[in-house]
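The primary structure of each chain is shown beneath.
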Amino acid sequence: MDKEKMLSNPKETIRIIQENNFTFRKNYGQNFLIDSHVIDKIIDAAEIDKDTEVLEIGPGIGTLTQYLAESAKSVTAVEIDDKLIPILDKTLADYDNVTVIHGDIMKQDIGAIFEGRPFKIVANLPYYITTPIIMSLLEARVPAESITVMIQKEVAERMQAAPGTKDYGALSLAVQFYAEPYLAANVPQNCFMPRPNVGSAVIRLRRLAEPPVSVKDEKLMFKLIRAAFNQRRKTLANAVKNFEGLSFSREEVENALTKIGLDVRIRGEALSLKQFADLTNELC
Ligand code: SAM
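This structure is a prediction, so every number in the text was calculated from the model and none was measured.

Draft legend 1. Region of the structure containing the overall build of the chain. Helices and strands together make up the secondary structure of the chain, namely 12 helices and 9 strands. Per-residue burial over the chain gives 51% buried out of 284 residues. Of the contacts formed within the chain by residues at least 6 apart in sequence, a portion of 66% connects residues at least 24 apart. Within the chain, one finds 35 positive and 39 negative side-chain charges whose respective centroids are separated by 6 Å.

Right, here's the structure in full:
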């Protein structure tokens, strides 16, 4: 399609919105992309080629979808807003490799859509639900090769943070247990219509074939992690002692820490994923 006619041209986005009397719904996190360079960066980071099958979450009026359709083998796009479905019919009419599903991404059986074929997830995610969407895809071990998404900059930084940094927390550990994060680009507010209140970033999460650490009880490890970051200023042993659903005494945690070679007064924010796994295995 002629670039001028694509929806990344702000004039085209305005035309489509006006022609269809579309009003943005804040509760669905609708901030549409209006910058072709940013879209190129998303496609590059996602490593899309003519053999790639893509799942897009929230196509909006189809801006990113048009570019995906031109670079990928096929695109399946899941959109929750019924007002956008007839608009997508028009804006994607030129592409015979796009399927739009009207529904909530949190309720889709994604494995069934691809029936075992490899696929990648790409999205400019609605910010109100970014973390639940990403965590449910990772925890359900949805077999996507990678998830490349535009999200709040601050959340992207937390996902790829290392131990001892201010951004490091339960989200960093949870994401890094399942995937290898790569922050591909920072994106300013003026690349969207309407402008969001926060800065954005493109992050790619490459799914790991196996978790990077070996842990006997994943549930227990993530509970210990939540306990550690729930009370960041406390020592790990004290934070765990009072945490709901855990029944370890301070002494038990301190003994386990000593056994894995750590100081008993260490705080959770200093532990790597490997050290959380070792501590879990020791407490098991
Ligand atoms: N992809 C478009 C773009 O980049 O211009 C729109 C991105 S906009 C940030 C997020 C889109 O996700 C909106 O179209 C919104 O209606 C849709 N959405 C919000 N919640 C959703 C959900 N639970 N399932 C599927 N789509 C959802």
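Draft legend 2. Representation of the packing of helix α9 (residues 218-230) against helix α12 (residues 273-283) in the model. Put simply, α9 and α12 touch, their axes get as near as 9 Å, and they point 115° apart. Handedness of the crossing formed by α9 with α12: right-handed. Of the residues in α12, those in contact with L220, M221, L224, I225, A228 and F229 of α9 are L273, F276, A277, L279, T280 and L283. Taken together, the residues of the contact of α9 with α12 sort by class into 11 nonpolar, 1 polar and no charged.

Draft legend 3. Focus on the site of the ligand. Around the ligand sit 23 residues, and of these L33, G58, E79, D104 and Y128 come closest. Within the side chain of E56, an N or O atom sits 3.3 Å from a nitrogen atom of the ligand. At 3.0 Å, a backbone N or O of I105 approaches a nitrogen atom of the ligand. Coverage of the ligand by the protein amounts to 99% of the 590 Å² it exposes when considered alone. Elements with a minimum of two residues in the shell around the ligand: β1 (32-33) and β3 (74-79).

Draft legend 4. Spatial organisation of the pattern of salt bridges. The tally for this structure, following the rule as stated, stands at 18 salt bridges. Of the charged contacts in the structure, one is a salt bridge between E269 and R267, with a shortest N-O distance of 3.6 Å. For E269, a relative accessible area of 18% translates into the label buried. Classification of R267 by relative accessible area gives partly exposed; the value is 30%. Across the pair K274 and D278 runs a salt bridge, and its minimum N-O distance is 2.9 Å. One end of the pair, K274, and the other, D278, are both in helix α12, 4 residues apart, so they sit about a helical turn from each other. Given the relative accessible area of 48%, K274 is considered partly exposed.

Calculation rules
- Residues numbered from 1 in each chain as written.
- Predicted model: local features only at pLDDT ≥ 70, side-chain atom pairs only at ≥ 80, totals over all residues.
- Heavy atoms only, no water.
- Helix = DSSP H or I, 4+ residues; strand = E, 2+ residues; numbered from the N terminus.
- Buried < 20%, exposed > 50% of the residue type's maximum accessible area, 1.4 Å probe, protein only.
- Contact = heavy atoms within 4.5 Å.
- Lys, Arg positive; Asp, Glu negative; His and termini not counted.
- Charge placed at Lys NZ, Arg CZ, Asp CG, Glu CD.
- Axes fitted to C-alpha atoms, helices over the stretch in contact; angles between N-to-C directions.
- Left-handed = near helix turned anticlockwise from the far one by under 90°.
- Nonpolar A, V, L, I, M, F, W, Y, C, P; charged D, E, K, R; others polar.
- Near = heavy atom within 4 Å.
- Polar contact = N/O pair within 3.5 Å; in protein donor to acceptor, adjacent residues only side chain to side chain.
- Areas by Shrake-Rupley, 256 points an atom, 1.4 Å probe, with all protein chains shown as cover.
- Salt bridge = Lys/Arg side-chain N within 4 Å of Asp/Glu carboxyl O.

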